[in-house]
Structure formats: C-alpha cells, structure tokens
Amino acid sequence: MASNAPLTGWMEEVRARLEARSRAEAARVPEGLPRAGVLVPLFVRDGKLWVLLTRRAESVEHHPGQISFPGGAEEDGDEDLSATALRETEEELGIAPADVIPLGSLSPIVTVTNFYVEPFVAAAPQPYVWRPAEAEIAEVIEAPLATLMDPAILEQRTIPGREGTLLFYHFGEHVIWGATAKILAELLEALRLQPVT
C-alpha cells in the first residue's frame, strides 16, 4: 500500500503512534488458512477523528449482518494483503485505492471462522461519497473515535466454549464485536494516550 500524497498533522501523528507501539504477532498460523486483508479507514470531520465501518448485507456468505471493516479474502491477483484490503474497499465502498493514504498496520489475527486477517490503517479522503455495493453492504457506519473510546459503551464478557474475554462496543443501535472489536480495541489503545489533532 503506497501513496505519494503528503501527510497532514493528524496523519503523521496516527502513523507515529502506530509505529511506536508493539505489534503482536498472530498465534502460530496453521497452514492452509484462507487469508484476508481489511482496511481501517480514518478521516477527520468537524475537527474530530472518525472511523469507517460497514454493516454487512444479510445475503453475504461470511458474517451476514455483522459490523466489519471493509475488506475480504485474498485473490490470486493480489500482490499482498494490503492490496486485498484496497481492492475489497473499492468493491465494497467505491473508495479508489489512489485516494487512500496508508498510515500503518495493526496486529494480524486468526478469526474463529479460521481466517488469517491483516488490518491496515489508512486515511480516507474527505469529503467523499461512499458508494456501498448493495449486494455486500447494508449500511455505512461513521463513528467518532472519541465516542468509541468511552468506557461506558464497552462490554466485556466471556462466552462458554470461547477462549478469553470478548469485547462488545455498543454504538447507537449497532454492536461491534468479534474480530472487528478486537481490531478496533487495538486501534483505540494505540490512539488513546492523547486526542489526535
């Protein structure tokens, strides 16, 4: 993922924070797992940092109706998983790869559905008209990071048969959980020290 666009102050700060933290490696990845890339698009509106999420259509094969970051499974023509994330983001939301400015990456994860996922953080252009693919995306969700950092919206619980504590972010009528919540939690932790300006 490369762009020659200049970084603004908030982009430089996000990039520095992502580079400064330690990135966890995914647990030993079993051979043959399908690979996926997701984009974590950030943008500034009204002086605040926002993140872009989607609610998947009920008709999609994987994770119907769930809140997710744009992205999906690697295809043969993808150079790497960042290319996968960009291709899928363009297919799902109509954001051209040339319009995205890479800022860094988050820790890879293995989902409970046995996908190896690499998340890539990027600046999304603003203003921009999102063009969600109706077959895949039921809703585009724009969320201010300051709201997602509010401890009052975070629920932590254990579920029988699942390892560890699961995170649930209650954002309006939406519940962000699973792999998306895990990725979001790492992003919020990296940016939590002080407000990004």
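Definitions and cut-offs
Residues numbered from 1 in each chain as written. Predicted model: local features only at pLDDT ≥ 70, side-chain atom pairs only at ≥ 80, totals over all residues. Heavy atoms only, no water. Helix = DSSP H or I, 4+ residues; strand = E, 2+ residues; numbered from the N terminus. Expected span 1.5 Å × (residues − 1). Buried < 20%, exposed > 50% of the residue type's maximum accessible area, 1.4 Å probe, protein only. Contact = heavy atoms within 4.5 Å. Polar contact = N/O pair within 3.5 Å; in protein donor to acceptor, adjacent residues only side chain to side chain.

> What's the story with helix α2 (residues 81-93) in this structure? I'm lost.
Residues that lie three or four places apart on an α-helix share one face, since the helix turns once every 3.6 residues. Taking 1.5 Å per residue, 13 residues should reach 18 Å; α2 reaches 18 Å between its end C-alpha atoms and fits that length. Across the 13 residues that make up α2, a large majority, ten, are buried. Those residues of α2 not exposed but buried are Leu81, Ser82, Thr84, Ala85, Leu86, Arg87, Glu88, Thr89, Glu92 and Leu93. Backbone geometry just downstream of α2 places Gly94 in the positive-phi region, at approximately 75°.

> Mind showing me how you'd approach the environment of Arg157 here?
When you line up the elements, Arg157 lands in strand β9 (residues 154-157). Looking at Arg157, the relative accessible area reads 36%, which means it is partly exposed. Taking the C-alpha atoms as reference points, Arg157 and Leu167, separated by ten residues in sequence, lie 6.8 Å from one another. The residues contacting Arg157, other than those within four sequence positions of it, are Gly164, Thr165, Leu166 and Phe168. At a separation of 2.8 Å, a polar atom in the side chain of Arg157 contacts the side chain of Glu155.

> For this particular structure, what's the right way to read unusual backbone geometry?
Generally, phi is negative for residues other than glycine and the peptide bonds are trans, each holding for most cases. A cis amide bond links Gln126 to the next residue, Pro127, at an omega of -10°. Note on placement: Pro127 falls in the loop between β7 (116-123) and β8 (137-144). At Asp46, a position not held by glycine, the phi torsion is positive, near 55°. Turning to its location among the elements, Asp46 is positioned in the loop between β1 (35-45) and β2 (48-56).

Shape descriptors only; they carry no functional weight alone.
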